[in-house]
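# Overview (structure and organization)
What follows is each chain in one-letter form.
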Amino acid sequence: MDSTKMNDAMQKQMMEMMKKQFQKTYTLTFDKSSSLYQQEADIEPQVGDGFVFWE
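In this report, we go over the structure that sits alongside the text. The structure presented is a predicted model; accordingly, all values stated were derived computationally and were not measured.

Let us now look at the overall build of the protein chain. The helix and strand tally for the protein chain stands at one helix and four strands. Taken from the N to the C terminus, the helices and strands of the protein chain come in the order α-β-β-β-β. Accessible surface, the protein chain as shown: approximately 5300 Å² in total, 56% of it carbon and sulfur.

In structure tokens, the structure reads:
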């Protein structure tokens, strides 16, 4: 869809959907000698206005 033909509300909603799609969640673990991080798995599809996003 051409962004020049989208109204402001639709464009804002699309940007929010894209932002959520690319956000990642990490678990941080620390001890005396190291720090570790692990990305949390997201196996649920994200659904929005006819689109399904699988990560």
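Next comes the rest of the write-up.
Glancing now at helix α1 (residues 8-22). Between its first and last C-alpha, α1 extends 21 Å over 15 residues, near the 21 Å set by a 1.5 Å rise per residue. Sitting at the amino-terminal end of α1 is Asn7, which places a side-chain oxygen 3.2 Å from the backbone nitrogen of Ala9.

This brings us to the packing of aromatic side chains. Scanning the entire structure with this criterion turns up one aromatic pair. The interplanar angle of 70° and the centroid separation of 5.8 Å between the aromatic rings of Tyr26 and Tyr37 together place this pair among those described as edge-to-face. With Tyr26 in strand β1 (residues 26-30) and Tyr37 in strand β2 (residues 35-39), this residue pair connects regions lying 11 residues apart in the sequence. Exposure remark for Tyr37: the relative accessible area of 63% places this residue in the exposed category.

Before going further, it helps to spend a moment on the pairing of β1. Looking along a regular strand, one sees the side chains alternate between the two faces of the sheet. Across five bridges, β1 lies against β2 in antiparallel orientation. Bridged to Thr27 within β2 is Gln38. Here β1 hands over to β2 after four residues, the two strands then running antiparallel side by side.

Moving on, we get to a nonpolar patch on the surface. A grouping of Tyr26, Leu28, Phe30 and Tyr37 is seen on the molecular surface, where their side chains present a nonpolar patch of about 530 Å² in accessible area. Sort the elements by how many residues they give to the nonpolar patch and β1 lands first, with three residues.

About the cut-offs
- Residues numbered from 1 in each chain as written.
- Predicted model: local features only at pLDDT ≥ 70, side-chain atom pairs only at ≥ 80, totals over all residues.
- Heavy atoms only, no water.
- Helix = DSSP H or I, 4+ residues; strand = E, 2+ residues; numbered from the N terminus.
- Areas by Shrake-Rupley, 256 points an atom, 1.4 Å probe, with all protein chains shown as cover.
- Expected span 1.5 Å × (residues − 1).
- Polar contact = N/O pair within 3.5 Å; in protein donor to acceptor, adjacent residues only side chain to side chain.
- Phe/Tyr/Trp six-rings, centres within 6.5 Å; stacked < 30°, edge-to-face > 60°.
- Buried < 20%, exposed > 50% of the residue type's maximum accessible area, 1.4 Å probe, protein only.
- Pairing = 2+ DSSP bridges.
- Patch = residues over 30% accessible without salt bridge, like charges linked within 9 Å, V, L, I, M, F, W, Y side chains within 5 Å.
- Salt bridge = Lys/Arg side-chain N within 4 Å of Asp/Glu carboxyl O.

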